[in-house]
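Coordinate inspection notes
So you can see what is in the structure, the chains are spelled out below.
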Amino acid sequence: MPFTDERFDTIHQLLRRQNLTVIPGPINSPVELSKVYRESSQIITRTIPHEAGHAIMGLALDAGDVLEWIAIYVFRDGEPGGGCKWGHKPSPQEHQWLSLAGGMAAEKLKYGEYLVGSARIDKADLTRKGFDLTKLPELIGKCSDLIQNHESAWNEIQQLLYERTVRDLTDRIDAIRQGDVDVGVVTGQEARDIFKKHSAC
């Protein structure tokens, strides 16, 4: 399935203009560089519904009070990627599994499939939590249903993440290059307010 997302072109233009990629390694030709810009743009664009999906799962499963932030591009252990930061709150194991699979489910809802790279991290987290990966399709199905039940909140969180990402890729590029700033940050309170607004409708 070809990748389509109305947000891709703007992110692609910004990365090219700012000479920024999220894929490491030497680039040996203009053709390679063009490919890296496209792949970097696709990763960042896909991270928007992915991280919004993780957030919606936690919010819907009564863990929203410990959501600290959502970001599209952060540095963890020297590696860039998106993330949701949660405080500690005891929760049933199935809720933990659903929360971990929420990003994959969100990508699948938006694009028909999820990226192998982002899925690798989520699958490793699921395995550490004792989940049997042979049951992943069923788990993703449950996540998809829950996300669709809160689709308007999911969409609004995505829009805010996108707007913040565009702002940061426009105005904070030096700090991003130095690894001193997280990109596209939405606070836990902002996400809770969005979720509450749509749940009241």
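Structure's up top.
Cut-off values and rules
- Residues numbered from 1 in each chain as written.
- Predicted model: local features only at pLDDT ≥ 70, side-chain atom pairs only at ≥ 80, totals over all residues.
- Heavy atoms only, no water.
- Helix = DSSP H or I, 4+ residues; strand = E, 2+ residues; numbered from the N terminus.
- Rg over C-alpha atoms; globule rule 2.2 N^0.38 Å.
- Buried < 20%, exposed > 50% of the residue type's maximum accessible area, 1.4 Å probe, protein only.
- Contact = heavy atoms within 4.5 Å.
- Areas by Shrake-Rupley, 256 points an atom, 1.4 Å probe, with all protein chains shown as cover.
- Disulfide = S-S within 2.5 Å.
- Expected span 1.5 Å × (residues − 1).
- Bend = angle between axes of the 7 residues up to and from the residue.
- Axes fitted to C-alpha atoms, helices over the stretch in contact; angles between N-to-C directions.
- Parallel < 35°, antiparallel > 145°, perpendicular 65-115°, else oblique.
- Left-handed = near helix turned anticlockwise from the far one by under 90°.
- Core = buried A, V, L, I, M, F, W, Y, C linked by side-chain atoms within 4.5 Å.
- Phe/Tyr/Trp six-rings, centres within 6.5 Å; stacked < 30°, edge-to-face > 60°.

Turning our eyes to something else, we now look at the overall build of the protein. Along its length, the protein carries eight helices and three strands. Along the protein, helices and strands appear, N-terminal first, in the series α-α-β-β-α-α-α-α-α-β-α. Its C-alpha atoms give the protein a radius of gyration of 17 Å, within 12% of the compact-globule value 17 Å for 201 residues. For the protein, the C-alpha atoms occupy an extent of roughly 50 × 35 × 30 Å along the three principal directions. Relative to its 201 residues, the protein shows a buried fraction of 44%. For the protein, contacts bridging at least 24 residues in sequence account for 71% of all contacts bridging at least 6. As presented, the protein carries roughly 10400 Å² of accessible surface, and 51% of it is formed by carbon and sulfur atoms.

Counted by the stated rule, this structure contains zero disulfides. In this structure Cys84 is a free cysteine whose sulfur lies 13 Å from that of Cys143, the closest cysteine sulfur available.

Take helix α2 (residues 30-60) next. In this model, α2 (31 residues) spans 45 Å end to end at C-alpha, consistent with the 45 Å of a helix rising 1.5 Å per residue. At Thr47, α2 shows its strongest bend, of approximately 30°, with the proline Pro49 following within four residues. Trailing α2 by a residue or two, Asp62 shows a phi angle of about 70°, which is positive.

Let's shift gears to the packing of α2 against helix α3 (residues 93-111). Orientation of α2 relative to α3, taken along the N-to-C sense of each, is 135°, at an axis distance of 7 Å. As judged from the angle between their axes, α2 and α3 are oblique. Crossing handedness for the pair α2 and α3: right-handed. Contacts from Thr45, Arg46, Pro49, His50, Gly53, His54, Met57 and Gly58 of α2 reach α3 at Leu98, Ser99, Leu100, Gly102, Gly103, Met104, Ala106, Glu107, Lys110 and Tyr111.

Let us now look at the side chain of Arg7. Along the chain, Arg7 falls in the segment before α1 (8-18). If near-sequence neighbours (up to four positions away) are discounted, Arg7 is found in contact with Thr45, Ile48, Pro49, Lys110, Tyr111, Gln158 and Tyr162.

Below, the discussion takes up the nonpolar core. Side chains of nonpolar character tend, in soluble globular proteins, to be buried together. In terms of nonpolar packing, the biggest core is built from 50 residues, with Ile56, Ile70, Leu126, Leu139, Ile157, Leu161 and Ile176 touching the most fellow members. Ranked by the residues each element gives to this core, the list is headed by α2, at eight residues. Excluding residues that lie within four positions of it along the chain, Leu126 makes contacts with Trp97, Leu100, Ala101, Met104, Phe131, Leu133, Leu136 and Leu139.

Here the distance between the centres and the angle between the planes together describe a pair of aromatic rings. As enumerated under the stated definition, the model contains one aromatic pair in all. When the centroid spacing of 5.1 Å and the interplanar angle of 65° are considered together, the rings of Trp97 and Phe131 count as edge-to-face. Taken together, the positions of Trp97 in helix α3 and Phe131 in the loop between α4 (116-128) and α5 (136-149) put the pair 34 residues apart, joining distant regions of the chain. Comparing Trp97 with Phe131 shows no difference in burial state: the two are buried.

All right, on to the side chain of Ser144 then. Within the secondary structure layout, Ser144 lies in helix α5. Once residues within four sequence positions are removed from consideration, Ser144 is found in contact with Ala105 and Leu109.

Mapped onto the elements, Arg120 comes out in helix α4. Placed 68 residues apart in sequence, Arg120 and Ala52 show a C-alpha to C-alpha distance of 18 Å.

The end-to-end C-alpha separation of α3 is 28 Å, in line with the 27 Å expected for 19 residues at 1.5 Å each. The sharpest bend along α3 reaches about 45° and sits at Gly102. Buried positions along α3 lie against α2, α4, α5 and α6 (151-171). Two residues or fewer past α3, Gly112 is found with a positive phi of approximately 90°.

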